[in-house]
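Examination of the molecular architecture
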Amino acid sequence: MSNTWEQTRGYYPGDWVRPRPNGGGWQPLIDLNEVFPGHRAIDRSGAFELYDAPAGIRLAIEEAGKSPPLEFDGAVEAQGNPVRVWQADGVYHLLYYQAGRVAYARSEDGQRWTRPPLGIIDYNGSRANNLVTDVGGDLLKAVFEDPTAPPQERFKGMGCEGAMINSATGEVVNEGEAITAEEVQRWWAEQEYLGPDYSGPRLVLKGRVIGWTSPDRIHWTRSERILANFPMDGGLAVRYDEGSGYYYAFCRVQGVAQEQFDLIGSGAPEAGIFHRAIGLTRTRDFYNWPAPKLVLFPDGQDDPDISFYGGDYFPYPERDDLHCMLVQVYHHATDHVDSQMACSRDGLMWQRPERKAIIPVGGPGAVDEAMVYSWGSGLATLPDGAWGSLYGGFRTLHNEPSEDGGHACTLQWATWQPHRFCGVEAVREGRMTIPTIARRADQLRLNYRCKPGGWIKVEILRLIPSRIHPDVDPVAGLTFAQSDPLTGDSTDQLVTWNGRSDIAGAGAMLAIRLQMFRAKLFAYQV
């Protein structure tokens, strides 16, 4: 270890002079990382005063808009959940569940879909259908692109296969035997209701992870190898990270201690969990996945009756250092499901800006009045420029009997204007300071919305000073007194001071003070 100061890393906690990195794109306000906590210190006059502390503001998610239900061949029909949506060659493509299988559709506008006859799967004596597999549900539910794979395996899929096991033999209870599914269900019920008086085979419900490969997302081959000997039922999102060479998946944890990190002590929360929750598992070998590490769990700020059924993960658009997840929140007491937003800067530490639904269930009579499932479709840019996540809307509750014996849904887009998942809101008057960041442009732009009579004013600092010198002066000409108030609603508004927008005089880095009244700031670019 060198004893030279040149190689010493890090800063004292009171030293905020260093700038944060800036890739030049939009900086969304999704967490408190963009809000400086302030200084209470002795200023140049010797007074003990408060500087740059936030007041009158809060992080607030932006509830999604909702599209009309999607049309398939000119009609709104009950379908299953979406599996994955993507764009290629100016067309939207969709894998979704239909008739208990995975099906394909395409659309020019994301709203009106056609179902081309593919000739792949025999269904009711005909191949004139749009089915791509003869199975669905948990068996194939996460689809992603693997740029390292040979062409015939360019796309991969994962799912979960479950079976009722005879604990005495370790075999599937009715495999190769003349035992009906009805008999197995009767044994299972009697085992739970009769307790010590039950005399049938002792049953255990188990699951394991299976894999799929495809050259085009349409023609699928199931792998003969088992990917993991533990379940990944419920929501599942899988990707490949070219930077690290890891495949990674966000999945439900199911009673198996994590197998990836050397931690402190003997605690294994994944093994004793009863609330469903979300874990992260990573591997460089697609055919060998370790048990996931718990990364998102209902906490003391949540209602005590909720579980996380899974997360629709996607990287934040045009960023490789921000991550988002639409979390499927199951409310045990009311039996409904909605979606909350979670964000992360490393994929491991997750936080939710608010404990409220970003995609709520609809009102009485709505097609999504009972459940909304953000299953795994990811994020798409719609023709009007909005960001959209496809979800399934249900009229029946999670455990409520339905007329068809299953859970059919309509597919709809949850929509947001760009960079508007979350923002910093001043319900009345508020203030905040954005910490020092490297400057990559000669102008400052804001994505914001003001209510009637609301406004935003901006002041530029060369940096957030240390707590030893808290009363730094703003840059001349870029002060609140000279700020032209921003009003109305804009996703890309140039900030000006007495009509001028040039901020190059601030130097290579800057900090941003804001005064707000009845306004919400979503993102900035500088």
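Residues numbered from 1 in each chain as written. Predicted model: local features only at pLDDT ≥ 70, side-chain atom pairs only at ≥ 80, totals over all residues. Heavy atoms only, no water.

**Points about the pattern of salt bridges**
This structure, assessed with the given rule, holds 31 salt bridges. As a salt-bridge pair, Asp233 and Arg252 come within 2.6 Å of each other at their nearest N and O atoms. Within this pair, whereas Asp233 is found in the loop between β15 (221-228) and β16 (237-241), its partner Arg252 is found in strand β17 (residues 246-252), the two being separated by 19 residues in sequence. One salt-bridge network, held together by shared partners, links Arg20, Asp31, Glu34 and Arg345. (Salt bridge = Lys/Arg side-chain N within 4 Å of Asp/Glu carboxyl O. Helix = DSSP H or I, 4+ residues; strand = E, 2+ residues; numbered from the N terminus.)

**Describing the sheet that holds strand β6 (residues 71-72)**
Taken in spatial order, the five strands make up an open sheet running β6-β10-β9-β8-β7, and their pairing is mixed. Bordering the open sheet on either side are β6 and β7 (82-88), each of which pairs with just one other strand. In this sheet, strand β9 (residues 101-107) lies alongside strand β8 (residues 91-98) in antiparallel orientation, the contact comprising seven bridges. Each residue of the ladder has a partner; that of Leu95, found in β9, is Tyr104. (Pairing = 2+ DSSP bridges.)

**Here we look at the sheet that holds β17**
Pairing within the open sheet is antiparallel, and its four strands lie in the order β16-β17-β18-β19. Each edge of the open sheet carries a strand with a single partner, namely β16 and β19 (293-296). Each strand axis lies, on average, 30° off the axis of its neighbour in the sheet, ignoring direction. The pairing of β16 with β17 spans five bridges and is classified as antiparallel. Counted as the bridge partner of Tyr240 is Tyr247 from β17. (Axes fitted to C-alpha atoms, helices over the stretch in contact; angles between N-to-C directions.)

**Some thoughts on the nonpolar core**
Counting residues in hydrophobic clusters, the biggest one holds 39 residues, and the most contacted among them are Phe72, Leu94, Leu95, Trp113, Trp220 and Trp413. For this core, the elements supplying multiple residues, two or more each, are β7, β8, β9, β14 (203-214), β24 (371-373), β26 (387-394) and β27 (410-416). It is β8 that contributes the most residues to this core, five residues altogether. Sequence-distant contacts of Leu94, defined by excluding residues within four places in its chain, comprise Phe72, Pro82, Arg84, Val85, Trp86, Ala103, Tyr104, Ala105, Trp113, Leu390 and Leu411. (Core = buried A, V, L, I, M, F, W, Y, C linked by side-chain atoms within 4.5 Å. Buried < 20%, exposed > 50% of the residue type's maximum accessible area, 1.4 Å probe, protein only. Contact = heavy atoms within 4.5 Å.)

**Let's talk about the packing of aromatic side chains**
The final tally for this structure, using the stated rule, is 21 aromatic pairs. For the pair Tyr248 and Phe250, a centre-to-centre distance of 6.1 Å together with 85° between the ring planes defines the contact as edge-to-face. Overall, the relative accessible area of 1% leaves Phe250 in the buried class. Between Phe286 and Tyr287, the aromatic rings sit 5.1 Å apart at their centres with planes inclined by 80°, giving edge-to-face as the arrangement. Here the two residues Phe286 and Tyr287 agree in accessibility, since each one is buried. Note that Arg252 overlies the ring of Tyr309, its terminal NZ or CZ placed 4.7 Å from the centroid. Just above the ring of Tyr246 sits the side chain of Arg282; from NZ or CZ to the centre is 4.1 Å. (Phe/Tyr/Trp six-rings, centres within 6.5 Å; stacked < 30°, edge-to-face > 60°. Lys NZ or Arg CZ within 6 Å of the ring centre and 35° of its normal.)

**Considerations on unusual backbone geometry**
Negative phi characterises most residues that are not glycine, and trans characterises most peptide bonds. Unlike most non-glycine residues, Arg217 shows phi in positive territory, near 75°. As for its placement among the helices and strands, Arg217 is situated in the loop between β14 and β15. By relative accessible area, Arg217 is classed as buried at 15%. Phi at His419 takes a positive value of approximately 70°, unusual for a residue other than glycine. Residue placement: His419 occurs in the loop between β27 and β28 (422-438).

**Section: the pairing of β16**
Among the five residues of β16, four are classified as buried, and the element is accordingly described as predominantly covered. What sits between the antiparallel neighbours β16 and β17 is a turn of four residues, in which Gly245 has the positive phi angle 80°.

**Description of helix α1 (residues 181-194)**
Counted at 1.5 Å a residue, the expected span for α1 with its 14 residues is 20 Å, and the 20 Å between its end C-alpha atoms agrees. Those residues of α1 not exposed but buried are Val184, Trp187 and Gln191. All buried residues of α1 project into a common sector of 60° when viewed along the axis, lining one side. For α1, the exposed residues set more than 90 degrees away from the buried face come down to Glu182, Glu192 and Tyr193. On the buried face of α1, the contacting elements are β12 (155-166) and β14. Residue Gly195 follows α1 closely and has a positive phi angle near 60°. (Expected span 1.5 Å × (residues − 1). Arc of directions from axis to C-beta.)

**Side note on the pairing of β14**
The pairing of β12 with β14 spans twelve bridges and is classified as antiparallel. By the bridge assignment for β14, Lys156 is matched with Thr213. The pairing of β14 with β15 spans four bridges and is antiparallel. When the bridges of β15 are listed, Thr213 appears paired with Thr221. Following β14, the chain reverses through six residues before pairing antiparallel with β15; Arg217 in that reversal takes a positive phi of roughly 75°.

Coordinates in, geometry out; function isn't part of it.
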